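# Observations on the three-dimensional arrangement
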Amino acid sequence: MFRLVLKQTMAHRGRLLLTFAAITLGVTFVVGTLVLTDTSRAVFDDQFRDASTEVDIVLRDAVAFDAAMGVEVERDPLDPQLTSRTAALPGVGRAIPVVKGTGLLISDGKAIVPAGPSMLTSWTGLDGFTLRDGQAPAGADEVVIDAATATAHDITLGDTVRVQADREVDLRVVGLVGFGDADGLPDTTVALTSLTTAQRLLRLGDGISQIDVIAADGTATSELTEDLRATLGTDVDVAASQDTAAASAAAAKSQLGFITGALLALAGAALVIGAFLIANTFSVLVTHRTRELAVLRAAGATGRQVMASILGEATVLGMAGAAAGTGAGLLAATGLRALLDAAGATVPDGPTVLSARTLLVALAVGVVVTLLAAFGAARRAARISPVMAMREGALGTTGGRGRVRAVFGTVLMALGVAALGVGGAIESMPALGAGTAALVAGLVALAPIVAPAAVHHIGGALSAVTGRGVPTGLAREGARRAPRRTGATVMALALSLALVVFVSVVGASVRGALQSGFDEAITAEIVVESARGEMLGGLEPATRERIQDLDEVGTVSRLRFGHWKDSGVTRALTALDPATIGDVTDVDMVEGRLSDLGDGVIITERQAAERGVGVGDNLAMTFARTDTLEVPIVGLIDDDDAKALSTDYLVSLASYRDWFTERMDATLLVRPASGTSVPEAQKAVEKALTGMPTVEVRDQASAAEARTASLDGILTLITAVLMLTVLIAMLGITNTVALSIIERTRELGLVRAVGMTRRQLRTMIRTESLLIAIAGLLLGTTVGIATSALFVRAIAQGGDLHLQVPTTGLALVAAVALLVGVISGLAPARRAGRLEVLTAIREQ
Amino acid sequence: MTNLLNDTQRAQAAAAPTKSVAVHARGLVKTYGTGPAAVKALDGADLDIHTGTFTAIMGPSGSGKSTLMHALAGLDVLDAGQVLIGDTDLTALGERQRTLLRRDRFGFVFQSFNLLPALTAQENITLPLGLAGRRADPDWLTRLVDTLGLRERLKHRPSELSGGQQQRVAVARALVTRPAIVFADEPTGNLDSKHGQALLRFLRDACDDLGQTIVMVTHDPLAAAHADRVVILTDGRVIEEIDNPTASTIADRMLQLDADPNLDTHACSGPGFGSGSTQEG
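Conventions adopted
Residues numbered from 1 in each chain as written. Chains lettered and ligands numbered in written order. Predicted model: local features only at pLDDT ≥ 70, side-chain atom pairs only at ≥ 80, totals over all residues. Helix = DSSP H or I, 4+ residues; strand = E, 2+ residues; numbered from the N terminus. Buried ≥ 20, exposed ≤ 12 C-beta atoms within 10 Å, placed from the backbone. Contact = placed C-beta atoms within 7 Å. Nonpolar A, V, L, I, M, F, W, Y, C, P; charged D, E, K, R; others polar. Pairing = 2+ DSSP bridges. Axes fitted to C-alpha atoms, helices over the stretch in contact; angles between N-to-C directions. Domains from an automatic or database assignment. Expected span 1.5 Å × (residues − 1). Bend = angle between axes of the 7 residues up to and from the residue. Parallel < 35°, antiparallel > 145°, perpendicular 65-115°, else oblique. Left-handed = near helix turned anticlockwise from the far one by under 90°.

This paragraph deals with the overall build of chain A. The secondary structure content of chain A amounts to 26 helices and 25 strands. Taking all 844 residues of chain A together, the buried fraction comes to 49%. If you take every contact in chain A between residues at least 6 apart in sequence, the share linking residues at least 24 apart comes to 84%.

Spelled out as structure tokens, the structure:
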């Protein structure tokens, strides 16, 4: 039986080629995503595990939570006295003070900006870094850097590099380190200095970041941990170094979660679209082999055996696709990384990780998707009766259950539209999601009815325009004769284009809202931000110090971001300077004033309504270093203007200083001194900030643009990835048209015999694929715009978000669809043109 | 079926010269396959077909009769030999020119799969004209449709027509361009005898009334009996031509061929040979 299945599959390999390609592409996508994220996860694991190999326990300032939104919480420095106190405790072998922070390396006046962190750490010799060359840093002007950075930027022992932290200092490179077997950490620069140098650079005084503890011989780590906790009290966080490493890795990895989720969702879309193609192929294979299968039945095969043989072919095909997809996925991981990189979402690179789970998932995805898609055809094959072997022209068309289908599809669509309408009215995302799902399911069910009709009418319009006559007419009919197949093909393209349209419409709308909100609320003429888009903003405090006293500058008002926990949920807040914020913004307050912020919090009108609180009530806010505080609500701000300030919660900088250790500014809003023109002031600010390469000085307009830069990046990424689904849909059209040629060989022979020229035949086939593409385009655009319009309304929640339909974007989508239609018809048309008239007529 | 022409027209048609040569074929050779598997379907066949005659091509299975018709109709390319259609050397034409020749000057009726299932009867009939970008002559179309009794069925698709109706649609399509020659390949093969006879009578009338040249491949002596002349093929050569045949003369000749497995057609090509093992009837 297995040999028969294998032989059958091989015998049809030509017809299965595109199906195989579709499965392979889908699996490639899944494997690429998994390999990419596994690789990055492994990098994080190594990074944090190796960093504490020889250290048993780490002492740090205690915080309420370790990390929020993938960013590790910054802790207060520890009292330096704690080191000697700890060292004296029983069971402690050594206690080593450590300073950790961020320090940008500048070599030959050029900043080295890695995709990941710029590490600045005091030398301990215990944290996984090993000297490759030179010696450990001892003097006040000495630094050791990682060999990878040194090689990449041509830095050798004895060179001078500048390290920019809270202070900027020139240091001499006295040693080069590796990390384990590697020359450094991925996407990271490493600067190691003596403890005092690190403290000076980071302006910590004699404060330290953490104490690394090594247990005395014969003392168990777990026991010592308990002892230290008991002795040192709750102000100090005592953790086994393995646990802190795991926690740090988890924090870093949580950001990967979003990327993995998004990519897997897109991979899912690609697989669904591929499934249409697979289903079509198997349906045609069964139709074409009706007589052969009937002979099998007549020879004694049971219906179940026939079904098993079809499903067996699907399994073989699925496995082959999975295998090829796994191979291609390893390459795709690199491509995805480059795409993410281009979109501004950097993931660390390391040795490629191909886990057993990835292999299993690839196999499961390939086989299960193929089996599911082939199931309908297999069931139909099982119902073929032995009599059909004898009957002439038994190649029946598949119709049947048309009415059930129509009713079912219409009901589903009606439900979907209703849910969308209700969801849009009450602005409920779940209702919209369910509505979209029902709408799409209904469309898929109706596709065999709707799509051929659409193709027919489009064909009619096309003939009216071009007057091409018989070939166009026959193309119309060709697309109509196998309604289920045409339907599935049109839907595959429609769905992929609907996704592209949806992303581009929602994207354009959100983009427009972000920009106009910023334009209206922010009146500062100059905006200083970090070019790297760190989550909490990446401006060293020195940035403000350099510009606030310039003659050309009038007001500098800064914004900082922080995370807090709202009964377990992580939220962001914006800290601002109540004294100066009025000079650089123009926000609508519903109640209270920004300048009266004091030690309270201002929340958006919407948040107040949702929580049922108002001015005079308290908001329970948990900060990493304070535990839960009851913060009085002193004002309510307009929802849209709050967006210009990035969050729904505003506190004063003074409160921020009390509640957070972080000292990074996110944005400096600058107003020129009176009498100074904006360009003059901007020039002065830029000049003052030379040598701070990660700082970006923008005028108000380009700052508004920059707000959407990361969004643009993500949209571009998603669209690029969605193009893969369009590619699969294109394969689907080629597949459908090619298969219909095989099915219609005798018919084509007949028209050729009675006088259709090769050129006419080719035109006919190409027109057929073009008609399918246009139908897919119209259907996809309609669904895409309709759903995105409702989604935009729901996201807006009465706010300032308006539907914006990007005409260039849509024109591009249309161009792509037409191109797809033209390209996918080329190969089948050529093939049909080569058909010998006689062979075609004789074909059984 | 009524007659296509009234009496006057019939008289004119009969008076027209009918003895010019419509198809002139010499030394046709066609081999399928290569090496030991090679089959010589045509092995030096010669044939003239006169304008306005109804010719039946017969022969045992594998004798090359279908290949001969395909070669005459420009559907197949010959390895050697020459086919003249009127003044046109078919064998010298390229693929596109042969297609246009088929479209404009030939009509075809096949055994099965004669019609496009997606088109209505009317669309099927006018297909060759549509491909040429021409419109049907309405009078001619009306006459064809009425004579063939298809008036009520024009809007139907082939799946809604009986086998006989389908074949009549195919005949209408073959005649709609007023072709020089109609080629019919086992046109009654899938029909019951009543419909088959009706179709053959119609072809006979088309020949008599319109002077339509018809070439038909068949293995059925009853069908061949409608022809003016039967051409018998064996092993890729024309071995005999019977003028004004009857079903029984044809059947006897065919039986003769079948009954003598040692018949050496190369040695006894041409009419008039006989083994004496069968009787003339």
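That was the structure; now back to the text.
A few words now on the overall build of chain B. Looking only at helices and strands, chain B features 10 helices and 10 strands. Looking at chain B residue by residue over its 281 residues, the buried ones come to 46%. In chain B, the proportion of contacts linking residues at least 24 apart, taken out of those at least 6 apart, comes to 70%.

So, on to the interface of chain B and chain A. In this complex, chain B contributes 22 residues to the contact, which on the side of chain A involves 21 residues. Of all elements in the fold, only helix 3 (95-105) and helix 5 (127-132) of chain B reach the threshold of two or more residues within the side of chain B that touches chain A. Tallying contributions element by element places helix 3 of chain B first for the side of chain B that touches chain A, with 6 residues. Here the side of chain B that touches chain A is composed, by residue class, of 12 nonpolar, 4 polar and 6 charged.

What follows is about the pairing of strand 14 (residues 210-215) of chain A. Residue and element names in this part refer to chain A. Buried residues dominate strand 14, accounting for 5 of its 6 residues. Sheet topology places strand 1 (residues 57-61) next to strand 14; 3 bridges connect them, and they run antiparallel. Note on strand 14: the bridge partner recorded for leucine 59 is isoleucine 211. Summarising the sheet, strand 4 (residues 92-98) and strand 14 pair through 6 bridges and their orientation is antiparallel. Across the sheet, the residue bridging to alanine 95 is valine 213, located in strand 14.

This part covers the sheet that holds strand 1 of chain A. Residues and elements named next belong to chain A. The 4 strands lie next to each other as 4-14-1-15, forming an open sheet whose pairing is antiparallel. Where the open sheet ends on each side, the last strands, each with one partner, are strand 4 and strand 15 (236-240). For this sheet, the mean inter-axis angle between neighbouring strands, taken without regard to orientation, is 25 degrees. Contacts from helix 6 (residues 221-232) reach strand 1, strand 14 and strand 15 within the one sheet, and its direction differs from that of strand 15 by about 175 degrees.

Here we come to the domain arrangement of chain A. Much of the literature gives interface size as the accessible area that the parts lose upon coming together. All names here are of chain A. The domain architecture assigned to chain A consists of domain 1 (1-99 + 207-394), domain 2 (397-519 + 705-844) and domain 3 (532-693). Centre-to-centre, using C-alpha coordinates, domain 1 lies 31 Å away from domain 2. On the domain 2 side, the residues contacting the 25 residues of domain 1 number 31 residues. Mapped onto the side of domain 1 that touches domain 2, the elements with two or more residues apiece are helix 2 (13-50), helix 7 (241-288) and helix 9 (303-342). Here the side of domain 1 that touches domain 2 takes 14 residues from helix 7, the largest share from any one element. A breakdown of the residues in the side of domain 1 that touches domain 2 according to their chemical character gives 16 nonpolar, 8 polar and 1 charged.

Glancing now at helix 25 (residues 807-834) of chain A. Residue and element names in this part refer to chain A. The end-to-end C-alpha distance of helix 25 is 41 Å, a good match for the 40 Å that 28 residues give at a rise of 1.5 Å each. Along its length, helix 25 shows its largest kink, about 35 degrees, at leucine 826, and proline proline 828 lies within four residues downstream of that point. Among the residues of helix 25, those classed as buried are Leu810, Val813, Ala817, Val820, Gly821, Ser824, Gly825, Pro828, Ala829 and Ala832. Taken together, the buried residues of helix 25 touch helix 14 (483-521), helix 22 (709-743), helix 23 (745-753) and helix 24 (758-796).

As a further point, take the environment of arginine 481 of chain A. By secondary structure assignment, the location of arginine 481 of chain A is in helix 13 (residues 470-481). Sequence-wise, arginine 481 of chain A and alanine 753 of chain A are 272 residues apart; in three dimensions their C-alpha atoms are separated by 21 Å.

Residues and elements named next belong to chain B. Tracing the backbone shows glycine 163 in helix 7 (residues 163-175). The class of glycine 163 is partly exposed, set by 14 C-beta atoms lying within 10 Å. Measuring from C-alpha to C-alpha, the distance between glycine 163 and serine 112 comes to 9.3 Å, with 51 residues separating the pair along the chain. Dropping the residues within four chain positions of it, glycine 163 is found in contact with Asn190, Leu191 and His195.

What follows concerns the sheet that holds strand 2 (residues 39-50) of chain B. Residue and element names in this part refer to chain B. Ordered by their spatial adjacency, 4 strands build an open sheet running 2-1-4-5, and the pairing between neighbours is antiparallel. Across the chains shown, the open sheet's two edge strands, defined by having one partner strand only, are strand 2 and strand 5 (88-89). Packed on one face of the sheet, helix 2 (residues 65-72) meets strand 1 (21-32), strand 2 and strand 4 (80-85) and runs near 125 degrees to strand 1.

Residue and element names in this part refer to chain A. Between helix 24 and helix 25, the shortest axis-to-axis distance is 7 Å and the interhelical angle comes to 150 degrees. In this view, helix 24 runs roughly antiparallel relative to helix 25, as classed from their interaxial angle. Where helix 24 crosses over helix 25, the two elements pack in a sense that is right-handed. Per-class residue counts for the contact of helix 24 with helix 25 are 17 nonpolar, 7 polar and 4 charged.

All names here are of chain B. Even without a glycine there, the phi angle at aspartate 235 is positive, about 50 degrees. Within the secondary structure, aspartate 235 is located in the loop between strand 9 (229-234) and strand 10 (237-243). Given 20 C-beta atoms within 10 Å, aspartate 235 falls into the buried group. For asparagine 244, which is not glycine, the phi dihedral falls at a positive 45 degrees. On the basis of neighbour count, asparagine 244 is assigned to the exposed category, with 10 C-beta atoms found within 10 Å.

Residues and elements named next belong to chain A. Note: strand 9 (residues 129-134) against strand 12 (residues 168-179), 5 bridges, orientation antiparallel. Residue pairing in the sheet places aspartate 133 in a bridge with leucine 176 of strand 12. For strand 10 (residues 142-146) and strand 12, the ladder comprises 5 bridges, and the chain directions are parallel. Each residue of the ladder has a partner; that of aspartate 146, found in strand 12, is valine 177. In terms of strand pairing, strand 11 (residues 160-164) meets strand 12 through 5 bridges, oriented antiparallel. Each bridged residue has a counterpart across the sheet, and for valine 161 the counterpart in strand 12 is leucine 171. Between strand 11 and strand 12, which pair antiparallel in sequence order, lie 3 residues.

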